[in-house]
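If you want the building blocks of each chain, they are given just below.
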Amino acid sequence: MSETLQTPMFGRVATAMITPFHADGSLDLPSAERLANYLLDNGTDTLVVAGTTGESPTLSHSEKLELFRAVKNAVGNRAKVMAGVGSFNTQETIGLSREAQACGVDALLVVAPYYNKPSQEGLYRHFEAVAAATPLPVMLYNIPGRTSINIEPTTVIRLAGIENIVAIKESPQQFDQVNQIVQNAPDDFLVYSGDDPLTLPILAVGGVGVVSVTAHVIGRDLQKMISAYLQGDWSTAQRIHKSTLALTRALFCVPNPAPTKAALSLLGVTTGETVRLPLVEAPDRERALIQAALKEYGLLGA
């Protein structure tokens, strides 16, 4: 896989978008539509809807489809909308993928099946079946810390040979996994960081961008960091990278996405912080930490 200055299919910064809820926990589609356009105005290239940051485990099947339709209708052709459709059930994933396609989404994010711990051959056949069910581009999502299963590099490389499996969001437990993928996958296979602090390191070994949480609040700076790196201005890229680390830590001080919802509320971007059980809102101490990090970064007044 070779580094290129050409803009990749999903841009450089895809945002794993939160799902806004009303205070009673019901889906807030108007807020989702406003947030989608806000993100596009502030550094996001592609919107990832109903991923983990979007609290997909607590969204019903019908709510996911409502979100896909609402966000795509809200942004039109301004950006790609990637639908989070993965689950531990291959047939359900296939069904949701086809329905997401009918909603007008541009691509699919398919996480490794969690809990049932398939073999590598099982993983291959799962992703192969999903990709065969729709012509939409597919981004694999490897996050062993959540799924308890790792998509091994050899399996990723096999899957990269399937025409519409075009990318991976990689949150590795061992960084050498990224090296193996970028070294052996086809040149047009796209590797995105799935962890904000690893964006610059993954770029350095041949990745193309990030599927980000912190882009909710600093999307423009992430774009500047990636642009500086690609232009050979490594000192600027490193400086921006270092400047984001404390804020990123604050946005993960309690389980995601509660801190991001608190940050967006503090910034006046959204009006609610509601998350669905079993998650809970950021406690006062952590909310104060998030507020302090936003001030330190210069996003909030003193």
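From a predicted model like this one, the values you see are computed outputs, not experimental measurements. (Residues numbered from 1 in each chain as written. Predicted model: local features only at pLDDT ≥ 70, side-chain atom pairs only at ≥ 80, totals over all residues. Heavy atoms only, no water.)

Draft legend 1. Inspection of unusual backbone geometry at higher detail. For the bond from Asn 256 to Pro 257, the omega torsion is 15°, close enough to zero to count as cis. Relative to the elements of secondary structure, Pro 257 occurs in the loop between α10 (234–250) and α11 (258–266). Cis geometry is adopted by the peptide bond preceding Pro 278, which originates at Leu 277 and carries an omega value of 15°. Relative to the helices and strands, Pro 278 resides in the loop between α11 and α12 (284–297). Backbone geometry at Ser 148 places phi at a positive 70°, although glycine is not the residue there. Structurally, Ser 148 can be placed in the loop between α5 (144–147) and α6 (153–159). The class of Ser 148 is partly exposed, set by a relative accessible area of 42%. (Helix = DSSP H or I, 4+ residues; strand = E, 2+ residues; numbered from the N terminus. Buried < 20%, exposed > 50% of the residue type's maximum accessible area, 1.4 Å probe, protein only.)

Draft legend 2. Up close: the packing of α10 against α12. For the pair α10 and α12, interaxial distance at closest approach is 9 Å and the crossing angle is 160°. One element, α10, and the other, α12, form an angle in the roughly antiparallel class. When the axes of α10 and α12 are compared, the crossing they make is left-handed. Contacts from Ser 243, Thr 244, Leu 247 and Ala 250 of α10 reach α12 at Leu 289, Ile 290, Ala 293, Leu 294 and Tyr 297. (Axes fitted to C-alpha atoms, helices over the stretch in contact; angles between N-to-C directions. Parallel < 35°, antiparallel > 145°, perpendicular 65-115°, else oblique. Left-handed = near helix turned anticlockwise from the far one by under 90°. Contact = heavy atoms within 4.5 Å.)

Draft legend 3. View of the side chain of Thr 214. Here Thr 214 lies in the loop between β8 (209–212) and α9 (215–230). Looking at Thr 214, the relative accessible area reads 0%, which means it is buried. If sequence neighbours within four positions are ignored, Thr 214 has contacts with Asp 196, Gly 219, Leu 222, Thr 248 and Leu 251.

Draft legend 4. Examining the nonpolar core more closely. Leu 47, Phe 68, Leu 108, Phe 127, Ile 165 and Phe 189 are the most contacted members of the largest nonpolar core, which totals 84 residues. Broken down by element, this core gets its largest block of residues, nine residues, from α9. Apart from the residues lying within four places of it in its own chain, the contact partners of Ile 165 are Phe 127, Ala 131, Val 138, Leu 140, Leu 159, Ala 160 and Phe 189. With 17 residues, the next largest nonpolar core counts Ala 107, Met 139, Tyr 141 and Leu 190 among its residues. (Core = buried A, V, L, I, M, F, W, Y, C linked by side-chain atoms within 4.5 Å.)

Draft legend 5. Seen up close, the packing of aromatic side chains. Scanning all chains against the criterion turns up two aromatic pairs. Summarising the aromatic geometry, the rings of Phe 10 and Tyr 192 are spaced 6.4 Å apart at their centres and angled 55° between planes, so their arrangement reads as tilted. Remark: Tyr 192 occurs in strand β7 (residues 190–193) and Phe 10 occurs in the segment before β1 (13–16); sequence separation between them is 182 residues. Where Phe 88 meets Tyr 114, the ring centres are 4.9 Å apart and the plane angle is 50°; that geometry is what we call tilted. Of this pair, Phe 88 sits in the loop between β3 (80–84) and α3 (90–102) while Tyr 114 sits in the loop between β4 (107–111) and α4 (120–132); the two residues are 26 residues apart in sequence, bridging distant segments of the chain. In this structure Tyr 114 comes out as partly exposed when scored by relative accessible area, which is 29%. The ring of Tyr 124 has Arg 158 lying over it, and the distance from NZ or CZ to the ring centre is 3.7 Å. Sitting above the plane of the Tyr 141 ring, Lys 169 keeps its charged end 4.0 Å from the centroid. (Phe/Tyr/Trp six-rings, centres within 6.5 Å; stacked < 30°, edge-to-face > 60°. Lys NZ or Arg CZ within 6 Å of the ring centre and 35° of its normal.)

Draft legend 6. Expanded view of the sheet that holds β7. Sheet architecture is closed into a barrel: eight strands sit in the order β1-β2-β3-β4-β5-β6-β7-β8, paired in parallel fashion. Within this sheet the neighbouring strands show an average axis-to-axis angle of 25°, counted without direction. This element, α9, spans β1 and β8 of the sheet and lies at about 160° to β1. (Pairing = 2+ DSSP bridges.)

Draft legend 7. Up close: the pattern of salt bridges. Summed over all chains, the structure comprises nine salt bridges. Its salt-bridge partner being Glu 121, residue Arg 158 comes within 3.1 Å of it at the nearest N-O pair. Of this pair, Arg 158 sits in helix α6 while Glu 121 is found in helix α4, placing the two residues 37 residues apart along the sequence. Connected through shared salt-bridge partners, Glu 121, Arg 125 and Arg 158 make up one network. (Salt bridge = Lys/Arg side-chain N within 4 Å of Asp/Glu carboxyl O.)

Draft legend 8. Spatial organisation of the pairing of β4. Counting buried positions along β4 gives five out of five residues, so the element sits mostly inside the fold. With three bridges connecting them, β3 and β4 associate as parallel partners. Within β4, the residue paired with Ala 83 across the bridge is Leu 108. With respect to chirality, the unit in which β3 leads through α3 into the neighbouring parallel β4 is right-handed. Bridging between β4 and strand β5 (residues 138–142) involves four bridges; their strand directions are parallel. Across the sheet, residue Leu 109 finds its bridge partner in β5, namely Met 139. As a crossover connection, the stretch from β4 through α4 into β5 is right-handed. (Right-handed = clockwise from strand over helix to strand, strands pointing away.)

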